[in-house]
Every structure is written in C-alpha cells, then in structure tokens.
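Structural overview
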Amino acid sequence: MGTPSSPKARPTWKDADERNRTHQLRVRASELVGRGWLNTGGKTLDLEALRGKIVLLDFWTFCCINCLHVLDELRPLEEKYSDILVTVGVHSPKFEHEADPVALASAVERYEIHHPVLDDPELATWKAYTARAWPTLVVVDPEGYIVAHLSGEGHADGLAVLLEELVAEHEAKGTLHRGDGPYVAPVPTSGTLRFPGKATQLDNGNYLVVDSGHHRLVELRPDLETVERVIGSGTKGYLDGAAEIAQFNEPQGVAVLPSSLAWQLGYEAVVADTVNHRLRGVTLSSGYVQTVAGNGVQRLLDAGPARVTESGAGVWAEHPDGGPADFAADALDVGVLGVGTGVSLSSPWDVVWSEKLQRVVIAMAGTHQIFAFEPLSGEVSILAGSGLEGLLDGPAEEAWFAQPSGLAVDADDNIWVADSETSALRRLVVGESGVTVESAVGKGLFDFGFRDGEATEARLQHPLGVTVLPDGSVAIADTYNGAVRRYDPAAKAVSTLARGLAEPSDVVVVYPEGGEPLLVVVESNKHQLVLVPIPKEAQQVDEGASQTQRPKSPVAPGNVELTVRFTAPTGQKLDDRWGDPTQLKISSTPPELLLSGGGTSVGLLRTVELSADVPEGILHITARAAACDGPETEDGEIPDHAACHLYQQDWGIPVVLQADGDSELVLDLRGMD
C-alpha cells in the first residue's frame, strides 16, 4: 500500500467542487429493465408510465445493512410526498441466493417495503445507471431526467429539500402530476411467528424467540409450536413498559444473563432491538421491558462537526453535554464510548454474555464492529473493529468486520462471530493483554460459495448465526446456503450438518433428557423453529466457490485521477471551520495493486498509481464529508450549535488493468446533475 499524496500537492474540497461542475450534464434516465416486478399487482412499469412523478430509484440488495437503513430513512419521505413521489427499489443482488425470486419476495415482505420493486438479477438496470455500490439512490425528475446520484446513507434531509425544489419547479412548468402511485400491497404470509431472528433456551425448557417480523418476543414451549406468552404489543415502534404495551422495531438477538447478575439489575434478558438502535432489558417474570443502552439515534449520523487531522484521523467536536465524541469509524476510537442511553448504537444484531469479560458482547452490524455493554455501570465500549468494512485480522483496534450478525462463546471464553457480508467465521481471542481477531473461514467481501473441506478453501454464503457444539466445534447457520455447517477447530475443516432449510438465522444446542444433543434451527423464511439431529457423519459438499459478479471498470496502469463528487444540499454548507471537512481512505486487494496514493487524507480528489504487474483487483474507497444546517452568518460562517451531518460511503470497485483503460474514476457521494 502506498502513501497519500504530499500535503503540499493535495487538492482541497474546493478543487473537487469545481471539478464537479464539469460533470453536470442533463441526462435522460434509462429504461427500467429486469426479470419482473413486485408490489405492482402483476403490472410491468416503465418510465413513461411514471412520467409526471418524481421517481426515486433505490438500488439495494437485501443482505446489506446500509440498504436496510436507507429503507427506513425513506419511509417518512414516501409518506409525506405520497402523491408526487414514486420510489422504485431496484434489487441488484450481491449473493447468488439473492437472485432467487422467492427469496426476494420474502425479503420485500420481511422488511415491509411499500413501493414497487424491480427484480434486476442480471444487473441490467444497475449497469445502465452506473451504480457502483449498495445503496445507491438516483432521482429522476417528472420529465424523465436524472437530477441527483447519491451513494450511502444519511441523504433523507437533503432529499426533502430537493423534493421541495422539484415540486416548485415542475408545478410552475405544469409537468408535475399529483395522484396515487403504482404500489399494490402483496398478500401477507406467516403464522405464529413472522421472520424470526434469534432464539435461546430458558431454564424452564421453553424457548425465548425474537419474533422479528411481529416486533415482539414469543416464549414457545418445547414442542416449538405452543405459545406460552408474548412480550411486546406487536406494534412496530419504541415504548418501554409492561409486556402488553411495550414496542420493539425488528429486534433480532437475545441473551439471558447469569442469575447472580440478573437479580441486581432487575432484568434477566437483553434484546438487540435492531431498527431502534437500542438494547432492551426484559424482566422475564413479568415481561416488563426497559431500555438499557442506546439513545435511538443511529451511530455515525448524529455526530457533531467533523474534521480530519493532517494524518487523516477523524476528530469530532465534543457533544454539548461534554461527553465523548460519538464516532465509530476510526481505530483510535476503540474503547469506552459512554454510558447506557447516552450512546448511539447502529443496528445491533446479536448479543451474548461473556463470563470472562463480564459484559454483554454486541454484534454491531451497522458499524461493522463488536461492542460491549457492562450492565451494572451501563458502560458501552468498542471491543473490536476499526469500523472499516472487510476482512482483516489482527489486534482488535485494527481488525475489519463486515456486518457481524451472530455471536457465541466457547469453553475458552473466546467469541465466535458470524461475519455475514464476508461470508466468514471469525473468532475474538480474549487474552490477558487484549483481544485479537482471527478468521477461521472466509476470504473477503465478494467471495462466497458452498464448499466443505479444508477451512482455507471452504466457503459460506452470508451466515447469520453461530453456536458452539458439545465437542468444541462450531455450528454455523449458513443462511443463504440454507444449511447448517460445522467448523472443526482441531482439524481446521468444514462440513455440512443439514441442508434444505429456508434462510436459517440461528442455531441452538439443546440436551433432551436421556438423549443425544440436538439442534434447534430458526428457519426464518418458513416462520418456524425446527429440531435437527446432529449427524454422526457430516456431509461433504462442494458446489464451488463464487465471487460477486459486478462489472469491472477498465483502468490504465499508472496514474489514475479519482474524483468523488459531493454537493451539499440546499440549506447546508460544508463544515470547513477546522479545515477541509472531507476525507478519502483508499486501499486495494491485492495490496500490490496500489503503488502510491493509498492511505487516509483530507479531500475528495486523489491521484493513485496502479501497478501494471497486477492484472485485476479491487479498490477499496471510503469517502466522508461533513456539512451543517442553517444560513451562513454575515461573515460567511456556520452558526454556532448548527445541526451537522456526516455523509459516508464505502466502495469496493472491481478494476481490470488494460492499456486503453480509463485514467479517471468518478464516484458520487452526492452528485447533482
């Protein structure tokens, strides 16, 4: 990996802003092409049928936590502008399983998507709109022209301003048509449970199941069908209180605390309330629900004014209460963040109790990190992960994760992690001197498959759950392969325990009286829990290894000029009070691809040098920009106490090196056309 450009030669964000203007051309939107449509009552849509509406294309894939965040960000806009805005989800799959139309229909129902969805398994529309990352948003005006191209999360406020501007413009021109949109609700499917997440066995032999799609907890008897009781009203929302009135929002994970600790706390179970970005404590005797950590504001999006040092490290202004800066994407920030409900979380997906750490360990999917929560003090800390997305082992503060989604603790007090977006099984080795991250199975962000055998060559596909078996091996809910897999740490080998399951999201070991241990598998897409025997002889499967098939960008060896376009929304201004408020982080796979221009530095322009000796690879690019609300003061400064916003996106750009390739690469963080 090379080094950033010299500070003397480094372009500023103002140079990037000037370069952005050269790309502003009026472009007609491409037609929407795919395999079929969902949420339209069987009708096929085209842009001509949508003429007169503002169309928001949301390029997404249902494995992607950032895409799920954007779905929730857009809901208020869709409701407010229902008569003039049509959102079209363009589902462009990353994993092979996501190209299954049945799986896509389940995902559309699971995530309560109330707009038309185009099934684009061949990435035809993705390519036509030059999308490069999930999520990508494209705004098309009522006349059919592209007016904005946005990447990542956090664009809702800017979109609201843009929509008002487009409404005013096109009402004046007579080109805006108000009225109902083309959405048609599908027929719902489910039973007692609806897309359940995780489960755990209670001391009474029952199972506490996180009924994610019904926004509640359900206690099932050992027959896995009879409901003992329900905790939560079933209404999507956020409310503490008695079991009958409490509200959750797509909770996923649950852990039961040791009884010696629970009596001091007044609650026995901790629930990862994912979309509420909170941890909830549940008193099992009464069903009472209380919030124990998280302020409900998604982490990374609520931070104060941002700046970056010359070395590129992120620095944040202190919160008004004097507490620690609330920022999670730099290795230097690993450590204590704050206490209880004063800290922001981001889509906690699973929780497990660590006896050695005396903490609840949290799979913080939204920031690609592992957090910890000390219940007695309420202290919240980062246990591992720099916040960068990918697969990188090493000391806790340097490691990379990608949407960790399942946790388990073994007999040695080490913590196993189902790292879903890298299709990997990871392990946190908890030593006296600190935590080290290792990978047992998995190769990278875009590598997956269904292959047993030697762990270095074995492949999973988006696993969500993990548990430790009696012999010390690890069972994995290999979700998108519809299987339960087994990793043997002694032999460093992978095998298959069960197949033919509908998106298993968790696996629990149970011990029947006088019998052999069994597995209880949460079969999420069949809305049920099932018993699965642990076979004496595991299967050996080899259906191959795969990579995400996205278009490779042809680039020339040598110097390539990288530009990330960002234009602050109307009513916001780039926060340059402490210098350049923008930042780029660049690395590559393999590292030898990047001769120079790698690393972290300010600015959204960078010259990178690519090796002619590496035929192809992936450029990993993270861009950030900080902008604040409010009109400028007379001296052009941002007012004190202005609300500020962080815009961020990670790209993994597949490139192929060829002599006639491009010498310029342009990406949109918030590009306006």
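Focus: the side chain of T291
The topology assignment puts T291 in strand β15 (residues 288-293). Judged by relative accessible area, which is 14%, T291 ranks as buried. Looking at T291, its side chain comes within polar contact range of the side chain of Y238, at 2.7 Å. Separated by 3.4 Å, the side chains of T291 and R280 make a polar contact. Those residues in contact with T291 that lie beyond four places of it in its chain are Y238, D240, R278, L279, R280 and T341.

A word on the sheet that holds strand β25 (residues 415-419)
Spatially, five strands are ordered β23-β27-β26-β25-β24 in an open sheet, and the strand pairing comes out antiparallel. Two strands close off the open sheet at either side, each with one partner strand: β23 (394-395) and β24 (404-409). By the bridge criterion, seven bridges tie strand β26 (residues 424-431) to strand β27 (residues 434-441) in an arrangement that is antiparallel. Each bridged residue has a counterpart across the sheet, and for V430 the counterpart in β27 is V435.

Some thoughts on a negative patch on the surface
Taken together, the side chains of E561, D660, D662 and E664 present a region of like negative charge at the surface. Of note, E664 is situated in strand β47 (residues 664-672).

A short note on the packing of helix α2 (residues 65-80) against helix α5 (residues 156-173)
Packing of α2 against α5 brings their axes to within 9 Å, and their N-to-C directions diverge by 20°. In terms of their interaxial angle, α2 and α5 are classed as roughly parallel. Crossing of α2 against α5: the hand is right-handed. Residues E73, L74, L77 and K80 of α2 form the contact with α5, whose participating residues are A156, L159, A160, L163 and E164. The residue makeup of the contact of α2 with α5, split by class, is six nonpolar, no polar and three charged.

Examining the pattern of salt bridges
Counted according to the given criterion, the structure contains 33 salt bridges. Across the pair E250 and K236 runs a salt bridge, and its minimum N-O distance is 3.8 Å. Of this pair, E250 sits in the loop between β11 (227-231) and β12 (253-256) while K236 is found in the loop between β11 and β12, placing the two residues 14 residues apart along the sequence. The buried category is assigned to E250, whose relative accessible area is 9%. One salt bridge in this structure joins R280 and D273, with 2.7 Å as the shortest N-O distance. When its relative accessible area of 0% is taken as the criterion, D273 is described as buried. If you follow the salt bridges from partner to partner, you end up with R26, D141, E143, E169 and K173 in one network.

Cut-offs and rules
Residues numbered from 1 in each chain as written. Predicted model: local features only at pLDDT ≥ 70, side-chain atom pairs only at ≥ 80, totals over all residues. Heavy atoms only, no water. Helix = DSSP H or I, 4+ residues; strand = E, 2+ residues; numbered from the N terminus. Buried < 20%, exposed > 50% of the residue type's maximum accessible area, 1.4 Å probe, protein only. Polar contact = N/O pair within 3.5 Å; in protein donor to acceptor, adjacent residues only side chain to side chain. Contact = heavy atoms within 4.5 Å. Pairing = 2+ DSSP bridges. Patch = residues over 30% accessible without salt bridge, like charges linked within 9 Å, V, L, I, M, F, W, Y side chains within 5 Å. Areas by Shrake-Rupley, 256 points an atom, 1.4 Å probe, with all protein chains shown as cover. Salt bridge = Lys/Arg side-chain N within 4 Å of Asp/Glu carboxyl O. Lys, Arg positive; Asp, Glu negative; His and termini not counted. Charge placed at Lys NZ, Arg CZ, Asp CG, Glu CD. Axes fitted to C-alpha atoms, helices over the stretch in contact; angles between N-to-C directions. Parallel < 35°, antiparallel > 145°, perpendicular 65-115°, else oblique. Left-handed = near helix turned anticlockwise from the far one by under 90°. Nonpolar A, V, L, I, M, F, W, Y, C, P; charged D, E, K, R; others polar.

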